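Structural overview
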Amino acid sequence: MAKDSVCGMTVDEKDAFATSTYHGKTYYFCSKACQISFDRNPEKYLYTDMDMDHNHHKC
């Protein structure tokens, strides 16, 4: 299992809606909106507090 870096939702890697690779690491997303947000500014999502509830209004 992985955590969606944008919204914090737990995502099964084999069933992830979308993925992106950044600095050689694969990130898994629950939606295309989360992937797009991440791709626009990965640093914003990699260095934030990830102990948040799944909340798509952030996507």
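So, here is what we can say about the structure in this document. (Residues numbered from 1 in each chain as written. Predicted model: local features only at pLDDT ≥ 70, side-chain atom pairs only at ≥ 80, totals over all residues. Heavy atoms only, no water.)

On to the overall build of the protein chain, then. Of the regular secondary structure elements, the protein chain holds 2 helices and 4 strands. Counted from the first residue to the last, the protein chain has its helices and strands arranged as β-β-β-β-α-α. When each of the 59 residues of the protein chain is scored for burial, the buried share is 37%. Partitioning the contacts of the protein chain with sequence separation of at least 6, the portion at a separation of at least 24 is 39%. (Helix = DSSP H or I, 4+ residues; strand = E, 2+ residues; numbered from the N terminus. Buried < 20%, exposed > 50% of the residue type's maximum accessible area, 1.4 Å probe, protein only. Contact = heavy atoms within 4.5 Å.)

Attention now moves to the nonpolar core. Counting residues in hydrophobic clusters, the biggest one holds 12 residues: V6, C7, V11, A16, A18, Y22, Y27, F29, C30, C34, F38 and Y45. The set of elements that each furnish at least two residues to this core consists of strand 3 (18–22), strand 4 (25–29) and helix 1 (32–40). Beyond its immediate stretch of four places on either side in the chain, V11 contacts M1, A2, D4, A16, Y28, F29 and C30. (Core = buried A, V, L, I, M, F, W, Y, C linked by side-chain atoms within 4.5 Å.)

Here D4 lies in the loop between strand 1 (2–3) and strand 2 (10–11). Buried and unpaired, D4 has no salt bridge, with K3 as the nearest side chain of opposite charge at 10 Å. One polar contact links the side chain of D4 to the main-chain amide nitrogen of V6, over a distance of 2.8 Å. (Lys, Arg positive; Asp, Glu negative; His and termini not counted. Salt bridge = Lys/Arg side-chain N within 4 Å of Asp/Glu carboxyl O. Polar contact = N/O pair within 3.5 Å; in protein donor to acceptor, adjacent residues only side chain to side chain.)

Here we come to the pattern of salt bridges. In the structure shown here, the tally under the stated rule is 1 salt bridge. The salt bridge partner of D12 is K14, with a shortest N-O separation of 3.2 Å. D12 gets classed as partly exposed once you look at its relative accessible area, which sits at 23%. Accessibility expressed as a relative area gives 70% for K14, which makes it exposed.

What follows covers the pairing of strand 4. When a strand is regular, its side chains alternate between the sheet's two faces. Alignment of strand 3 against strand 4, held across 5 bridges, turns out to be antiparallel. Residue pairing in the sheet places T19 in a bridge with Y28 of strand 4. Here strand 3 folds back onto strand 4 in antiparallel fashion, the turn holding 2 residues, of which H23 has a positive phi close to 50°. (Pairing = 2+ DSSP bridges.)

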